[in-house]
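Listed below are the residues making up each chain.
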Amino acid sequence: MAVEVLIAGRDALREYIALHVLTCLIPAFLLAGGIVTFVSRETIIKYLGTAARKLRSFGIAAGGSFFISVCSCTVIPVSSGIYRGGAGIGPAFILLWVAPAANILALVYTGSILGSEMVVARLVSALVTAFAVGFVMFYAFYREEKNRVSTIQVSGGQLMARKSLILLLLLIGWLLAPNYIVSQGPYWQKVIVWAAGLAVVAIYTWRALDRDRIRAWLRETWWFVRTIFPLLLTGVFIVGIIGAVLPQEWIKTWLGGAGLRQSFLATLIGAVTYFATMTEAPFVHTLMNLGMGKGPALALLLTGPGISLPSWLAIGRVFGVRKALIYIPTIIALGTLVGWVAGFILG
């Protein structure tokens, strides 16, 4: 039995490396590193202060968070740094939620495994819940926010250079092209599309950027690789093992269908368990193959990477226990509600 379980984990890992590392992860890591390197953080933070209009600052925080590929623990210093630097509590906690729950790496990877329907559902749900989180945190700590004074003094400027913007757009195209141009074809056709995209990106980069800028970009990319990739492989191996030992009847009974109980249980599992960025997609895919409903699957896709037991403790330590006691139940309630509603819409 033990040998069979280990073989299942090995097979899942082998399939994952063969089908996803080249055409999905390499462009995704380069894109994540490019965003950190080329996008002006100061210009973004300027629009997230406590005095900024809420709808605009919440929208900027939610939109910008899609491009920050971090896990539920790694995002905490980023969010707390912005908050303590002068950003409002709403944008700070939107970043804390959306960046791990629905960043661009996770969305693209979700599409490659679970299909476009789940990507759209995850994207829309993340946006809706982001605004809900922002307003809940703002009104829960309204008096405290009124007394805060922004410490960020940032002058206007470009969000990024024109050449950098073109490069990021090329990287996004390279990332999406193999799985969307050859959505139904054999894998070798995806490799051809990937190789063509690589050539375009490489030629443009060599001609448009200076060598110091390229080295800085590759350093940031390497940070993502060494931080996320080992956890990703470990997660896929564990997912393969879980798929081999988990009774199918248990999944159908407790997580199948579209009920409130199923969505709450899936949300609770996600809220307690730690998922590295993108490891939630293969885990949910395995559970769906065993009978998990689409509604509970969406709830787990959001809350799995979005929060975890380790992040509960860290949020309480960094932001204070009162904020953690408001934020975490809010996420659990929103995840349950989203899963319940999505279950009826998605079927």
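Please read all numbers here as calculations on a predicted model, not as lab measurements.

**Some words on the confidence of the model for the chain**
Piece 1. For the chain, the mean per-residue pLDDT works out to 84, and 93% of the residues sit at or above 70.
Piece 2. Confidence over residues 150-155 falls short of pLDDT 50; this stretch has 12 contacts with residues more than four positions distant or in other chains.

**A word on the nonpolar core**
Buried together is how nonpolar side chains tend to be arranged in soluble globular proteins.
Piece 1. Of all hydrophobic cores here, the largest spans 99 residues; its most connected members are Phe 93, Leu 171 and Tyr 327.
Piece 2. In contact with Phe 93, not counting residues within four places along its chain, are Ser 79, Val 133, Met 137, Ile 315, Phe 319, Lys 323 and Tyr 327.

**Here's the deal with helix α13 (residues 260-272)**
Piece 1. Taking 1.5 Å as the rise per residue, α13 with 13 residues should run 18 Å; its terminal C-alpha atoms sit 18 Å apart, in good agreement.
Piece 2. Every buried residue of α13 is listed here: Gln 262, Ser 263, Ala 266, Thr 267, Gly 270 and Ala 271. Summarising the axial view, the buried residues of α13 lie within an arc of 165 degrees, below the 170-degree limit, and thus occupy one face.
Piece 3. On the buried face of α13, the contacting elements are α12 (248-255), α15 (294-306), α16 (309-319) and α17 (321-346).

**A word on the packing of helix α1 (residues 2-38) against helix α10 (residues 187-208)**
Piece 1. Where α1 meets α10, the closest approach of the two axes is 11 Å, and the angle between their N-to-C directions is 20 degrees. When the axis of α1 is compared with that of α10, the two are roughly parallel. Crossing hand, α1 versus α10: left-handed. Between α1 and α10, the residues in contact are Ala 18, Leu 19, Leu 22, Thr 23, Ile 26 and Pro 27 and Tyr 187, Lys 190, Val 191 and Trp 194, respectively.
Piece 2. Looking at the contact of α1 with α10, its residues break down into 8 nonpolar, 1 polar and 1 charged.

**Looking at the pattern of salt bridges**
Piece 1. Following the criterion strictly, the structure yields 6 salt bridges and no others.
Piece 2. Of the charged contacts, one joins Lys 294 and Glu 117 as a salt bridge, the two residues approaching to 2.8 Å between their closest N and O atoms. Residue Lys 294 is located in helix α15, and its partner Glu 117 is located in helix α7 (residues 116-140); the two are separated by 177 residues in the primary sequence.
Piece 3. Here Glu 280 and Arg 122 are joined by a salt bridge, their closest N and O atoms 2.9 Å apart.

**Quick look at the environment of Gly 33**
Piece 1. Looking at the secondary structure, you find Gly 33 in helix α1.
Piece 2. Between the alpha carbons of Gly 33 and Trp 194 there is a distance of 19 Å; along the sequence they are 161 residues apart.
Piece 3. The residues touching Gly 33, leaving out its near neighbours within four places in the chain, are Trp 217, Glu 220, Thr 221 and Phe 224.

The rules behind these values
Residues numbered from 1 in each chain as written. Predicted model: local features only at pLDDT ≥ 70, side-chain atom pairs only at ≥ 80, totals over all residues. Heavy atoms only, no water. pLDDT = per-residue confidence, 0-100. Contact = heavy atoms within 4.5 Å. Core = buried A, V, L, I, M, F, W, Y, C linked by side-chain atoms within 4.5 Å. Buried < 20%, exposed > 50% of the residue type's maximum accessible area, 1.4 Å probe, protein only. Helix = DSSP H or I, 4+ residues; strand = E, 2+ residues; numbered from the N terminus. Expected span 1.5 Å × (residues − 1). Arc of directions from axis to C-beta. Axes fitted to C-alpha atoms, helices over the stretch in contact; angles between N-to-C directions. Parallel < 35°, antiparallel > 145°, perpendicular 65-115°, else oblique. Left-handed = near helix turned anticlockwise from the far one by under 90°. Nonpolar A, V, L, I, M, F, W, Y, C, P; charged D, E, K, R; others polar. Salt bridge = Lys/Arg side-chain N within 4 Å of Asp/Glu carboxyl O.

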